[in-house]
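A closer look at the structure
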Amino acid sequence: MPAAVSVRNLQIETTSGVPVVMDVSFQIAPGEVLGVVGESGSGKTTVGLALLGHARRGLRIAGGEVLVGDQDILMLDVEHLRRLRGSTVSYVPQDPASSLNPALRIGIQLREVLQAHAGGRGRDHDERIAETMREVALSDDPTYLRRYPHELSGGQQQRVGLAMAFANRPRLIVLDEPTTGLDVTTQATVLSTVRELAAAHNVAALYVSHDLAVVAALARRVAVMYAGRVVEFGFAEELFESSAHPYTQRLVGAIPRLTGGRSLLGIPGHAPSPGRRPPGCAFAPRCTMHIPECDAQIPPLSPVGPEHSARCIRAVEVMPQTQARAGDPVDVAPAAGSAVLTLENVVARYGKVEVLHSINLQLEHHECLAVVGESGSGKTTTARSIAGLHRDWTGSIRLGDKELETSARSRSTESRRQIQYIFQNPYGSLNPRKTVGETVGQPLAVFGIAKGREADHRVGLMLEQVSLSAAYARRYPDQLSGGERQRVAIARALISSPSILVCDEVTSALDVSVQAAIVELLGQLQRDLGLSMVFVTHNLPLVRSIAQKVVVLSEGSIVEYGETAQVLADPQQPYTQQLIAHTPSLETATAEARVGEQRRPVIER
Amino acid sequence: MSQTGQALAEGVGTPTPPVRSSTLVTRAFRLWRTRIGALFVLILVVVAIVGPYVAPHTASEFVAIPNSPPGGDAGVLGTDYLGQDVLSRFLYGGRGILVMAAVSTAIGLVLGVAIGLVAAYTRNALDDVLMRAMDVIMAFPQIMLALVAVSLVGAQTWVIIVAIAVTTAPRVARVARGAAQPVVERDFVAATESMGLSRVRILTGELLPNILGPMMVEASLRLTYSIGVIAALAFLGLSPDPNGANWGTMIQQNQIALATQPWGALTPIIAIALLTMGTGLFGDGIARTAAGIDRERGDE
Amino acid sequence: MTWLRQGGIGAFIIRRLLLGVLVLVLVSILVFAATQALGDPARAILGRDATPASLAALRAELDLDQSVLGQYLSWAGGLLNGDLGNSLAAQQPVTELLGSRLVNSSVLVLCAAVISIPLSIAIGSWAALRREKAFDTVSSSAMLALAALPEFVVAVLLVMLFATTVLQVLPAISPISPGQRPWDVPEGLVLPTATLVLAVAPYVARIMRASMVEVLESDYVEMARLKGLPERTVLIRHALPNAIGPVFQVIAINLAYLAGGVVVIEYVFNYSGIGSALQDAVVNHDIPVVQALAMLIAGVYVLLNLLADVATILVTPRLRTRL
């Protein structure tokens, strides 16, 4: 059976000639889902768009061929390319909220993709539209089609995106991180829709994602991209169990897992941006197995097994190491047993809406308490109420045995110093007009702890403690990577020696490998400094690597509260069970893939 | 555990180039429009300052027959409707406009930025009250409010300055509020709130530095308009000294003779045009640079 | 009153109308305070060497012997009944004095609006589509330069170019004799209209370009192209409706600005409209006329802003639901 799409030697560069994506080749069979995994800046989205003959502003496709059937779409003129897009090859974008036209009803947006390719006008396609809506499990009711995108939930918006993509029964569909930003439950249903539709209509799919676990749940074969090149290619389970490229191996090591509380290992440094890539292996500067030969030239993508290849000259040495490289089991110190923070009957509101209903929690000395929930669960409101950033709450929050006022401004300086908050997005939490030194030193001045040389000295020490150097004090936030910024935010929180650290989704804006390094750092600091910590996250597996206790929130109420290991291994409440079941993880994914292989007809190549 | 050492390596080859507000003006000067704009303004500022000292005649001296074209006794630019030297009057006529425009714009900017920042930060009834008050003032076009003020009190320098400052402030306040609103929502402001930093320090130390870019653009735009309004008032015959040398007055007085001696009106027209285009180009250069920097940083 | 908080677009318009009325009331207080309560209008009108007798007579005529509140109420009551008082200079009712001038000015502003709005939207959109190509560079620079020029400078330059120094194809001044209508002397409308168009078009064109550039960069326009829609559909159905929203506000502000901008332009062209009436009234200290014109122009501003808000809401479904 011929491949549905065959990409050979794809090259994409900036309009000024800097290579962005190089030497990308792969084939996808009809009905197959190929995964492309990479962190931000790896070029994965650029490759996905190239399959539609599209390059974003500032980029151009410089070479190679994209054969759909026997037609090279890179050779097509504008009009032929237009006819191909949306019919033969379609695209599901990353962010459905911004990709659906806010001024048009979804019915019109769905109808126009049919009209653009099949012609017809008026109500010609009503039948087909209704059918497509049913396929993606949305209502086919005409009044539903008259809704505007903002009247749908994120998951529904993405289903509309899928409906548009599948409407013309394409041969190839490119899915660009379609589940980013969706809750795990919604993600699970969107993923299963994709899986079913691709299989039912024999559509080839390219699934682009930063999330190895999600890709593994969907794709049999996976390409791992780094700095614009495919560095490893193979069956999903092979990549995870015996990676042949050190980058893949470290990436797998950085993924939090639901089972077996391992500490996470981040990858130090960050990927080189286009134009700054080294002449040899792009991963070499961050690689622990780096030898001088690595810098000589870019290693070729060489086979290391059946359907398995890697771009590493030491691949043979890398493969057997995989299990040994995994992190140590988490060593969580037992909590001291005295409550440092108590929430009693906390009810919080936004305007007239009650978003937290009677929350009761206790944070013990030296304890890390994870607060887990989907969007709208009230987890961030809980954290913000503790820090006094959200003011509209009633009930009691006690620091030790002292009642806290509702807003930070009305609390005593001492209690403000004791509770420090780290924000979700390190791009927003640092003042871009202040140097790192000014930002980190600010609490010293505000709390009257130190000033002048003494303050500078403390800032330097603090920066070293978060694994930056004292020289960072003179830099501005825009000179830092996301991981570095979050380290600065941690330094600012810790410099006033607080007793409680409130971390609000501190890793959700970061790449997996950076997330691992930050979680590692936080865990280490918590142990070294004897901190108590409230760790808010939507990422269930991450909890295992850092928290002793976990509280699961749903719609503003506590669903389950207990020891982390116990809650994750043996959840008592249906909500928690469902949450865990829907969380993609490498273990379940690879297991599913094995089962799936037996079910699915083997595709001949 | 060698995490510390490894993480230090993160500093190698940082992804974004160093870009800061302090470099905004420097970077803006890489654009031709900024340079040309600054050059125009510089030339006219020099004319306004040095002009009176190098003028061949005084501003109100009879030189030759009224409305003589350039040449001979009439001087390089000819004479005006009273037989005064156009060149000399041009050299004398800029100072008043420039000083009044600069002072009134500066007052309007300070007032407007203060109001805009307070409104953006409070997000409550005070915000509504302030902005509604601004709406009331903005319901009058600048020139009209200035006209009414002049009609009531007289065309004195301070009246014109106050009228322009008062009408500049609400327009600046709107822009400042708009620029500050997204900044207020950002977490670094919440971070300083959780430390208990005073409101004044948050406004001046956290918010203000982050809206300097748009405020510089607004400043040059407002200066452009202030010059225009002051010149227009003079053109309507409402300047502190109706017979004194003033570019706006000159245009009005010599408009009649456009067909025979265009230089009497054309010289001040060119001066005002260069000045306002200069401030306009400069502002646009800053705006483009700021937008470019935002793009480089990625939407933060 | 809770229905005003929710409700649909009707409630929104009513809410905005009430807000507009509030602004107008505040404006009237400001106008009144500035013109009548501050200082002594009678002395301002008659000058420093007025006799006490003539001052007293004028004060009585202006109702200045009442309390300040009483003066304001009788003045504001008159405004509501369409009684704007008598012009002090012309000794005739302000409504009579301004009636025909209002028509003249409206014709001018209307001509300018009808020409400049479509023109500037077209220029702005085209520049955005041809971004960083020749048309964009040239039009952007021209718009920038024009936007910076004070309108009386533009007016005098146009007079030089077309009426005096260079060509003599159009009249340099456009007076309208009593009993005449502006359209009776169409050639007289050309230069004033052109000046107003040049004063407004740059702003609208620049905001249109910026808005269009942003929309063309948006995910949904990229998506529309990746759906294989014809470029015409992408632009007309997907880009334009989203790009035009922010432009309404700018059009409103500029039309309101025109109402003030006509002051100077009518003076340049000796065109007898409300602008030159205001200029005369200012010179003659004719306070009832100044008050009437201030209220009129402020009213236009409030009304145009209301219309712009409604138009923006109509093209932005998301805002509609949030009401």
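How each quantity is defined
- Residues numbered from 1 in each chain as written.
- Chains lettered and ligands numbered in written order.
- Predicted model: local features only at pLDDT ≥ 70, side-chain atom pairs only at ≥ 80, totals over all residues.
- Heavy atoms only, no water.
- Helix = DSSP H or I, 4+ residues; strand = E, 2+ residues; numbered from the N terminus.
- Rg over C-alpha atoms; globule rule 2.2 N^0.38 Å.
- Buried < 20%, exposed > 50% of the residue type's maximum accessible area, 1.4 Å probe, protein only.
- Phe/Tyr/Trp six-rings, centres within 6.5 Å; stacked < 30°, edge-to-face > 60°.
- Lys NZ or Arg CZ within 6 Å of the ring centre and 35° of its normal.
- Contact = heavy atoms within 4.5 Å.
- Patch = residues over 30% accessible without salt bridge, like charges linked within 9 Å, V, L, I, M, F, W, Y side chains within 5 Å.
- Areas by Shrake-Rupley, 256 points an atom, 1.4 Å probe, with all protein chains shown as cover.
- Salt bridge = Lys/Arg side-chain N within 4 Å of Asp/Glu carboxyl O.
- Buried area = accessible area lost by both parts, 1.4 Å probe.
- Polar contact = N/O pair within 3.5 Å; in protein donor to acceptor, adjacent residues only side chain to side chain.
- Nonpolar A, V, L, I, M, F, W, Y, C, P; charged D, E, K, R; others polar.
- Expected span 1.5 Å × (residues − 1).
- Pairing = 2+ DSSP bridges.
- Core = buried A, V, L, I, M, F, W, Y, C linked by side-chain atoms within 4.5 Å.
- Domains from an automatic or database assignment.
- Axes fitted to C-alpha atoms, helices over the stretch in contact; angles between N-to-C directions.

The secondary structure content of chain B amounts to 13 helices and zero strands. Reading the helices (α) and strands (β) of chain B from amino to carboxyl end gives α-α-α-α-α-α-α-α-α-α-α-α-α. Taking 300 residues into account, the globule formula puts the C-alpha radius of gyration at 19 Å, and chain B, at 24 Å, lies well above it. Going through the 300 residues of chain B one by one, you find that 57% of them count as buried.

Moving on: the packing of aromatic side chains. The way to describe two aromatic rings as a pair is by their centre distance and the angle between their planes. Across all of its chains, the model carries twelve aromatic pairs over all chains by this definition. With centroids separated by 4.7 Å and ring planes inclined at 25 degrees, the aromatic side chains of F235(B) and F152(C) adopt a geometry described as stacked. Taken together, the residues span two chains, with F235(B) in helix 11 (residues 212-235) and F152(C) in helix 8 (residues 151-162). A residue is classified by how much of its surface remains accessible, and F152(C), at 1% relative accessible area, is buried. Within the aromatic cluster, the residues linked to one another by ring pairs are Y226(A), Y247(A) and F283(A). Against the face of Y472(A) rests R475(A), its NZ or CZ located 4.5 Å from the ring centre. For R35(B), the ring lying beneath its charged end belongs to W32(B), and the centroid distance is 4.7 Å.

Below, the discussion takes up the environment of V217(B). All names here are of chain B. Tracing the backbone through its elements, the reader meets V217 in helix 11. For V217, a relative accessible area of 21% corresponds to the partly exposed category. When the C-alpha atoms of V217 and F282 are compared, they prove to be 8.2 Å apart, with 65 residues separating the residues in sequence. Residue contacts for V217: discarding those within four places in its chain leaves G283, I286 and A287.

Residues and elements named next belong to chain B. A grouping of L42, V46, I49, V50, Y53 and V54 is seen on the molecular surface, where their side chains present a nonpolar patch of about 610 Å² in accessible area. Among the secondary structure elements, Y53 is positioned in helix 3 (residues 32-54). Among the residues examined, Y53 registers a relative accessible area of 67% and is labelled exposed.

Turning to the interface of chain B and chain C, a few remarks are in order. On the side of chain C, 46 residues touch chain B, which itself brings 40 residues to the contact. Taking both sides of the interface into account, the surface hidden between chain B and chain C amounts to around 3,700 Å²; carbon and sulfur atoms contribute 78%. Contact with chain C buries area across many residues of chain B, yet L152(B), L236(B) and L258(B) alone supply 14% of it, more than any other trio. At the junction of chain B with chain C, the criterion picks out one salt bridge. A salt bridge links D284(B) to R206(C), with the nearest nitrogen and oxygen atoms 2.8 Å apart. The interface formed by chain B and chain C includes five residue pairs in polar contact (both at pLDDT 80 or more). Breaking the side of chain B that touches chain C down by element, the ones donating at least two residues are helix 6 (125-138), helix 7 (142-153), helix 11, helix 12 (247-254) and helix 13 (263-297) of chain B. The element best represented in the side of chain B that touches chain C is helix 13 of chain B, accounting for eleven residues. Of the residues contributing to the side of chain B that touches chain C, the split by class is 26 nonpolar, seven polar and seven charged.

This paragraph deals with helix 8 (residues 184-200) of chain A. All names here are of chain A. Across its 17 residues, helix 8 extends 24 Å between first and last C-alpha, which sits within 8% of the 24 Å expected from 1.5 Å per residue. For helix 8, every residue scored as buried is listed here: V184, Q187, V190, L191, T193, V194, L197 and A198. Two residues or fewer past helix 8, N202 is found with a positive phi of approximately 55 degrees.

All names here are of chain A. Residue alternation in strand 6 (residues 89-92) divides its side chains into two sets, V89 and Y91 and S90 and V92, and both sets are buried. In this sheet, strand 7 (residues 172-176) lies alongside strand 6 in parallel orientation, the contact comprising four bridges. Note on strand 7: the bridge partner recorded for V92 is L175.

With that out of the way, let us pick up the nonpolar core. The nonpolar side chains of soluble globular proteins are, as a tendency, buried together. Residue and element names in this part refer to chain A. Within the largest apolar cluster, 155 residues are counted, with the highest numbers of intra-cluster contacts made by F26, L522 and F535. Here this core gets eight residues from one element, more than from any other, and that element is helix 19 (residues 512-529). For this core, the domains that each give at least three residues are domain 1 (103-169) and domain 2 (339-582). If we skip the residues at most four places from it in the chain, F26 touches V5, S6, V7, L34, V47, L51, L206 and F233.

The residue M195(B) is located in helix 9 (residues 187-195) in this model. Spatially, the C-alpha atom of M195(B) lies 49 Å from that of Q156(B), the residues being 39 residues apart in sequence. Excluding anything up to four places from it in sequence, M195(B) contacts R416(A), Q442(A), P443(A), V446(A), F447(A) and R492(A).

All names here are of chain C. Burial of helix 10 (residues 219-226) is extensive: six of the eight residues sit out of reach of the surface. The complete set of buried residues in helix 10 reads Y220, V221, E222, M223, A224 and L226. Immediately downstream of helix 10, the backbone of G228 shows phi near 80 degrees, a positive value.

Residues and elements named next belong to chain C. Taken as a whole, chain C is organised into domain 1 (19-80) and domain 2 (101-320). Computed from C-alpha coordinates alone, the two centres of domain 1 and domain 2 are separated by 35 Å. Between domain 1 and domain 2, the residue contacts involve 14 residues of the former and nine residues of the latter. Carbon and sulfur atoms make up 80% of the area that domain 1 and domain 2 hide from each other, which totals about 970 Å². Where domain 1 meets domain 2, there are one residue pair in polar contact (both at pLDDT 80 or more). The element that contributes the greatest number of residues to the side of domain 1 that touches domain 2 is helix 2 (residues 9-37), accounting for nine residues.

A separate point is the pattern of salt bridges. Tallied over the full model, the rule gives 38 salt bridges over all chains. In this structure, the salt-bridge partner of E79(A) is R83(A), at a minimum N-O distance of 3.3 Å. One end of the pair is E79(A) and the other is R83(A), both in helix 2 (residues 78-84) and four residues apart, which spans about a single turn. Residue E79(A) is classed as partly exposed on the basis of its relative accessible area of 34%. According to the relative accessible area criterion, R83(A) is partly exposed, its value standing at 45%. Here R33(B) and D284(B) are joined by a salt bridge, their closest N and O atoms 2.7 Å apart. In this pair, R33(B) sits in helix 3 while D284(B) sits in helix 13, placing the two residues 251 residues apart along the sequence.

Residues and elements named next belong to chain A. If you walk across this open sheet you meet the four strands as 14-13-16-17, and the pairing is antiparallel. Strand pairing shows two members of the sheet lacking a second neighbour, strand 14 (353-364) and strand 17 (402-403), which therefore form its edges. The sheet contact formed by strand 13 (residues 339-350) and strand 14 spans eight bridges and is antiparallel. Each residue of the ladder has a partner; that of L341, found in strand 14, is L363. The strands that helix 14 (residues 379-387) touches are strand 13, strand 14 and strand 16 (393-399); relative to strand 13, the one it contacts most, it runs at about 115 degrees.

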